[in-house]
Amino acid sequence: MLKFANAKINIGLHVTERRADGYHNLETIFYPVKIYDAVEIQSAEELGMEIHGSELKADDDNLCLRAYRLLATDFDLPPVKIHLLKRIPIGAGLGGGSSDASATLQLLNDQFKLGLTDTQLETYAAQLGADCPFFIQNKATYAEDIGTKLSPIDLDLSAYYIVLLKPDLHISTAEAYKNVIPLTPQVDLRRAVQLPIQEWKLIIKNDFETGLFELYPQIAEIKRRFYELGAIYSSMTGSGSAVFAIFEQETDVSELNALGQVFLPMDL
Ligand SMILES: C[C@](O)(CO)[C@H](O)COP(=O)(O)OP(=O)(O)OC[C@H]1O[C@@H](n2ccc(N)nc2=O)[C@H](O)[C@@H]1O
Ligand SMILES: Nc1ncnc2c1ncn2[C@@H]1O[C@H](COP(=O)(O)OP(=O)(O)OP(=O)(O)O)[C@@H](O)[C@H]1O
């Protein structure tokens, strides 16, 4: 069984509070984007994993294997071989690992007819990472707490052209959180995304940008260049380093190739 695991972007991200458990409370809008990894599970003699298209190691930290082991604590799962094809860049704020983890939970649920509901899958997903539960329903969502309290919202960007650029920079999520200063939000993101997208630029921000733009001016430069090319909204996603841009129509961004790897939306 095979599943394409897509990436996400964060449209606005407020880090509101540092918690006693080391995590941070936040408010964000998750939105799925059409950049994909592929996860396949096959019956096998023993548990194993192969990764294609990435230096990432198939060790115990891999989120696909962690997803298998998590379900195996509650269900009598037969061994499987997991094949992972990586296309979503790592350390980009695109949630690739989280998406792979949730895809693995869904594949195991389907293949072995475990009968888990989306709500139950989200509870398992939350044990694997704060970004993971979103990928179970994979729809435009307002997220609170550490990113795991989800409320679907009405937001459809399918009429727009979304482009991503990932500079040659790997940002660790934990490091990014260590350097962010929690703030009380001045804007209600759920309301802000209902405004015309042309107004988002003035209102919607990602709190990680302040510190990371200072540390890595090349990320700020990407955002500036997207606006020069006519983007109606552009932002770093999650804790970086990728930047996305929303255009009203298909736009040639090839002049930005020197700044990093460009990802164009695709249909499967
Ligand atoms: C930046 C975002 O991508 C925004 O969507 C997420 O908040 C990151 O979520 P994630 O990568 O799934 O994060 P996890 O794998 O759960 O945690 C990695 C590390 O990030 C920090 N972390 C993560 C989420 C959160 N709300 N507060 C945190 O402080 C913690 O130090 C944690 O040890
Ligand atoms: N299947 C996987 N794909 C990618 N990374 C994985 C995977 N399994 C474990 N990891 C580990 O998780 C870390 C974060 O991966 P991921 O791609 O989700 O982060 P990210 O791009 O910063 O996204 P975000 O911060 O939005 O979750 C990597 O450093 C990697 O070592």
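Owing to the predicted nature of the structure, the values given are computational and were not obtained by experimental measurement.

Draft legend 1. Representation of the UniProt feature "domain: GHMP kinase C-terminal" (unreviewed entry) in the protein. UniProt records the feature "domain: GHMP kinase C-terminal" (unreviewed entry) for residues 206-255 in the present numbering. Secondary structure over residues 206-255 splits into 40% helix and 18% strand, and the C-alpha atoms at its two ends are 25 Å apart.

Draft legend 2. Spotlight on the sheet that holds strand β9 (residues 243-247). As summarised here, the arrangement of the 4 strands in space is β8-β9-β7-β10, forming an open sheet in which the pairing is antiparallel. Every interior strand has two partners, whereas the edge strands, β8 (233-236) and β10 (261-263), have only one. Across the sheet, the mean angle from the axis of one strand to that of its neighbour is 20°, orientation sign disregarded. Sheet topology places strand β7 (residues 161-166) next to β10; 3 bridges connect them, and they run antiparallel. Each bridged residue has a counterpart across the sheet, and for K166 the counterpart in β10 is Q261. Set on the sheet, helix α9 (residues 217-228) makes contact with β7, β8 and β9; between it and β9 the angle comes to about 10°.

Draft legend 3. Structural view of the pattern of salt bridges. Under the definition given, this model contains 15 salt bridges. With its nearest N and O atoms 3.0 Å apart, the salt bridge here joins D100 to K86. Of this pair, D100 sits in helix α2 (residues 96-111) while K86 is found in the loop between β4 (80-85) and α2, placing the two residues 14 residues apart along the sequence. The buried category is assigned to D100, whose relative accessible area is 2%. Here E228 makes a salt bridge to R224, at a shortest N to O gap of 2.6 Å. Within this pair, E228 and its partner R224 are both found in helix α9, separated by 4 residues, close to a single helical turn. On the basis of relative accessible area, R224 is assigned to the partly exposed category, the value being 42%. Put simply, E221, R224, R225, E228 and E255 are held in one network by salt bridges that share partners.

Criteria and cut-off values
- Residues numbered from 1 in each chain as written.
- Chains lettered and ligands numbered in written order.
- Predicted model: local features only at pLDDT ≥ 70, side-chain atom pairs only at ≥ 80, totals over all residues.
- Heavy atoms only, no water.
- UniProt positions renumbered as here; feature names shortened; annotations may be inferred.
- Helix = DSSP H or I, 4+ residues; strand = E, 2+ residues; numbered from the N terminus.
- Pairing = 2+ DSSP bridges.
- Axes fitted to C-alpha atoms, helices over the stretch in contact; angles between N-to-C directions.
- Contact = heavy atoms within 4.5 Å.
- Salt bridge = Lys/Arg side-chain N within 4 Å of Asp/Glu carboxyl O.
- Buried < 20%, exposed > 50% of the residue type's maximum accessible area, 1.4 Å probe, protein only.

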